[in-house]
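# Architecture at a glance
Now for the letters of each chain:
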Amino acid sequence: MRLPATQPDVRYEHALEYLFARTTGPFKFGLERTIALLKALGDPHRTFPSIHIAGTNGKGSSVATAEALLRAKGLRVGAYTSPHLVDFRERITVDGVLISAEDVIDFVERWTPLVESIGATFFEATTALAFAYFSKFRVDVAVIETGLGGRLDSTNVIDPIAAGVTTIDYDHTEYLGNTLEQIAAEKAGIYKRGRAAVVGEGDQSLREVLARDAHRAGATPVRVVAEECAISSVEIGPLGTTFDLEALGGRRRLTTPLAGKHQADNVAFALILLDAAGAPYATTLDEAAISLSAVQVAGRFQRTGRFIFDVAHNPEGSHVLADTLAAVRSQQPIVALFSVLADKDWRAMLRALSPLVSHFVLTVAPSAPSNRLWNLEEVQRFASAESLSVEAIADFDKALARASTFGKTTLVTGSFHTVGDAMARLQPSPKSR
């Protein structure tokens, strides 16, 4: 496909329109389309070492932490994450710099016929683009985040030097299963024979499921973070999260710029994952004490003036967000701009945040898929029954303006779409350009 010969930014928008058109239609399981696409590209994913991360919560923070630690060692690091907040290019970076618009355009122009002929989805095409880009720039290592689940996720075509699963919660149950054990088993699908496996889950029963499946896959060694690390004296403040970590044969007080008690767990997970990957990736506690300061994750308790942006897109994330709001003593009253997708447990999310949030402004994120929009009238009825202080404003711009006019703190949360759409309007920078 040849895009119109117009200005580069217009051609980039056309390329994105084509890619996003691949999101329509039924969900497709299986790796065969990704494998076929990568084969045509020369199997770029086989040209660089990779580290694979799956899980319900903590993936993004763990990827960012691992990336910062690896870059501090002088390595050229690729990172593939999803979804993006403001710009599609956030998904694919090398040393923190977003993929260029021209690289996106070139990929779409060259590979459209094959993508269409094999029926590749948006995520399958994007995964191939990411791997080709990392190969082009000869990264020393790439940190790869799964999109959905693990076993059948498009990224699971890689043979990583180490693979880790962070935590397990109810997530995409229509695809991954109705129990936490079933979801854990799907995410454990990234563990590979003869490769290191890391288990980050804190719950003992789920840890056992993940470790069992890692052994069944033939992964070696299998390392459980909770059995190797001890975290204590956690303090959350303006500089992020400070804590004592006993791990890797030593003990050190560390600080990550990311706020929240759970961020200590994410640091421990990343350190064990890199240690499992071996030299030259392993990072000591002393090295981490210096290099953690470079960690950046957009939309994870990101504070800009009176605004807090947090992609707490499920009940567990909302509970963590509430704990962090309390720990940092955010200025009261807190008014939340809140919007989620219809298939999320928004009732539990509202209940989790209600002790800290004085008032909710409910809205609909413009970028949310039309087939997953939640029903504001239904939410209002629930809120009334729960005696929550809410108002519903379907127009996103009006809702954002309303939420910004009163209260001392404006919290933007509920989904990646909500946070990303607000950021696009308020212009806090998500990542390096």
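So, how was this worked out
- Residues numbered from 1 in each chain as written.
- Predicted model: local features only at pLDDT ≥ 70, side-chain atom pairs only at ≥ 80, totals over all residues.
- Heavy atoms only, no water.
- Helix = DSSP H or I, 4+ residues; strand = E, 2+ residues; numbered from the N terminus.
- Expected span 1.5 Å × (residues − 1).
- Buried < 20%, exposed > 50% of the residue type's maximum accessible area, 1.4 Å probe, protein only.
- Contact = heavy atoms within 4.5 Å.
- Pairing = 2+ DSSP bridges.
- Axes fitted to C-alpha atoms, helices over the stretch in contact; angles between N-to-C directions.

Look at helix 3 (residues 59–72): 20 Å from first C-alpha to last across 14 residues, which is about the 20 Å you get at 1.5 Å a residue. Among the 14 residues that make up helix 3, 12 are buried, leaving the element largely enclosed by the rest of the structure. Buried residues along helix 3 sit against strand 1 (50–54), strand 2 (77–80), strand 3 (92–94), strand 5 (141–145), helix 10 (262–277) and helix 11 (285–291). Downstream of helix 3 by one or two residues, Gly74 has phi in the positive range, about 85°.

This paragraph deals with the sheet that holds strand 4 (residues 97–98). The 8 strands lie next to each other as 4-3-2-5-1-6-7-8, forming an open sheet whose pairing is mixed. A single partner strand is all that each edge strand has here, and the edge strands are strand 4 and strand 8 (222–224). Bridging between strand 3 and strand 4 involves 2 bridges; their strand directions are antiparallel. The partner of Val94 across the bridge, within strand 4, is Val97.

Our focus in this paragraph is the sheet that holds strand 13 (residues 307–310). Pairing within the open sheet is mixed, and its 6 strands lie in the order 12-13-17-14-15-16. The strands lining the two open edges of the sheet, one partner per strand, are strand 12 (302–304) and strand 16 (390–392). Here the average twist between neighbouring strands, direction ignored, is 20°. This element, helix 16 (residues 416–426), spans strand 12, strand 13, strand 14 (334–338) and strand 17 (409–413) of the sheet and lies at about 140° to strand 13.

Once that is clear, we can look at unusual backbone geometry. Looking along the chain, the bond that leaves Ser82 and enters Pro83 is cis, with omega of -10°. By the element assignment, Pro83 lies in the loop between strand 2 and strand 3. Cis geometry marks the peptide bond from Ala279 to Pro280; its omega dihedral reads 0°. With respect to the helices, strands and loops of the structure, Pro280 is situated in the loop between helix 10 and helix 11. The residue Asp43 is not glycine, and still its phi comes out positive at about 50°. When you line up the elements, Asp43 lands in the loop between helix 2 (32–40) and strand 1. The backbone of Ser387 sits at a positive phi, close to 60°, despite the residue not being glycine.

Purely geometric stuff here, so don't read any function into it on its own.
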